Amino acid sequence: MTIHHLEVRFQVDGDDGAVFTRLFNRHIQAWSKLYEDACARARRTEAERSFGDGEDRP
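So, how was this worked out
Once a new chain begins, its residue numbering starts again from 1 and follows that chain's sequence as written. Under the rules for a predicted model, residues below a pLDDT of 70 receive no local features and side-chain atom pairs below 80 are neither given nor counted, while totals for whole chains, interfaces and linings still include all residues. As a convention, hydrogens and water are excluded, and side-chain values are obtained from all of the structure's heavy atoms. A run of DSSP states H or I qualifies as a helix once it reaches four residues; a run of E qualifies as a strand once it reaches two. Both are numbered from the N-terminal end. Buried residues are those whose accessible area, probed at 1.4 Å on protein chains only, stays under 20% of the maximum for their type, while exposed residues exceed 50% and partly exposed ones sit between those limits. Each accessible area is a Shrake-Rupley result for a 1.4 Å probe, and residues are judged covered by the shown protein chains and nothing else. In what follows, salt bridge is the name for a side-chain nitrogen of Lys or Arg lying within 4 Å of a carboxyl oxygen of Asp or Glu. Here the expected span of a helix is defined as 1.5 Å times the quantity of residues minus one. Pairs of N or O atoms are called polar contacts if they sit within 3.5 Å, as long as, within protein, a hydrogen donor faces a hydrogen acceptor (for residues adjacent in sequence, only side-chain-to-side-chain pairs). Aromatic contacts are taken between Phe, Tyr and Trp rings whose centres are within 6.5 Å, Trp giving its six-membered ring; a plane angle under 30 degrees counts as stacked, one over 60 as edge-to-face, and the others as tilted. Candidates for patches are residues over 30% relative accessible area with no salt bridge; among them, like charges are joined within 9 Å and nonpolar side chains (Val, Leu, Ile, Met, Phe, Trp, Tyr) within 5 Å.

*Asks:* What am I meant to see in the overall build of the protein here?
*Replies:* For the protein, the count of helices and strands is one helix and zero strands. Scored against the burial criterion, the 58 residues of the protein give a buried share of 5%. When the accessible surface of the protein is summed, it comes to about 5900 Å², and 54% of that surface belongs to carbon and sulfur atoms.

Here you go:
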């Protein structure tokens, strides 16, 4: 999925930029962790699938 345009509007008390930055950082870190975990699972799966590919077969 590719997001070409994203517009976020919210109203907060205080410094809007600081609130947005704090919320964005929290959610991007959670997304990044999920993405890294998925990539690690994909690498492990690929390694398991290739296990034994180099062995001679009778």
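*Asks:* How do you make sense of the pattern of salt bridges when you look at a structure like this?
*Replies:* Where charged atoms from two side chains of opposite charge come close, those side chains can pair. Tallying each qualifying case throughout the model produces two salt bridges. The partner of Glu-7 in a salt bridge is Arg-9, and the shortest N-O contact between them spans 2.6 Å. A residue is classified by how much of its surface remains accessible, and Arg-9, at 72% relative accessible area, is exposed.

*Asks:* Just checking my understanding: could you explain helix H1 (residues 16–50) for this structure?
*Replies:* Note that an α-helix has 3.6 residues per turn; residues three or four places apart therefore point the same way. The end-to-end C-alpha separation of H1 is 50 Å, in line with the 51 Å expected for 35 residues at 1.5 Å each. Put simply, Asp-15 is the residue that caps the front of H1, since its side-chain oxygen is 3.1 Å from the backbone nitrogen of Gly-17. Downstream of H1 by one or two residues, Gly-52 has phi in the positive range, about 90 degrees.

*Asks:* I'm lost on the packing of aromatic side chains in this one. Help?
*Replies:* For any pair of aromatic rings, geometry is given as the distance between the ring centres together with the angle between the planes. Tallying each qualifying case throughout the model produces two aromatic pairs. Ring centres of Phe-20 and Phe-24 lie 5.8 Å apart, and the angle between their planes is 20 degrees; this geometry places the pair in the stacked category. With a gap of four residues between them, Phe-20 and Phe-24 both fall in helix H1, about one helical turn apart. Among the residues examined, Phe-24 registers a relative accessible area of 43% and is labelled partly exposed. Where Trp-31 meets Tyr-35, the ring centres are 5.2 Å apart and the plane angle is 15 degrees; that geometry is what we call stacked. With Trp-31 and Tyr-35 both in helix H1 and four residues apart, the pair spans about one turn of that helix.

*Asks:* Mind showing me how you'd approach a nonpolar patch on the surface here?
*Replies:* A cluster of nonpolar side chains, namely Met-1, Ile-3, Leu-6, Val-8, Phe-10, Phe-20, Phe-24, Ile-28, Trp-31 and Tyr-35, defines an oily patch on the protein surface of about 1200 Å² accessible area. Take Tyr-35: its relative accessible area is 48%, and that puts it in the partly exposed class.

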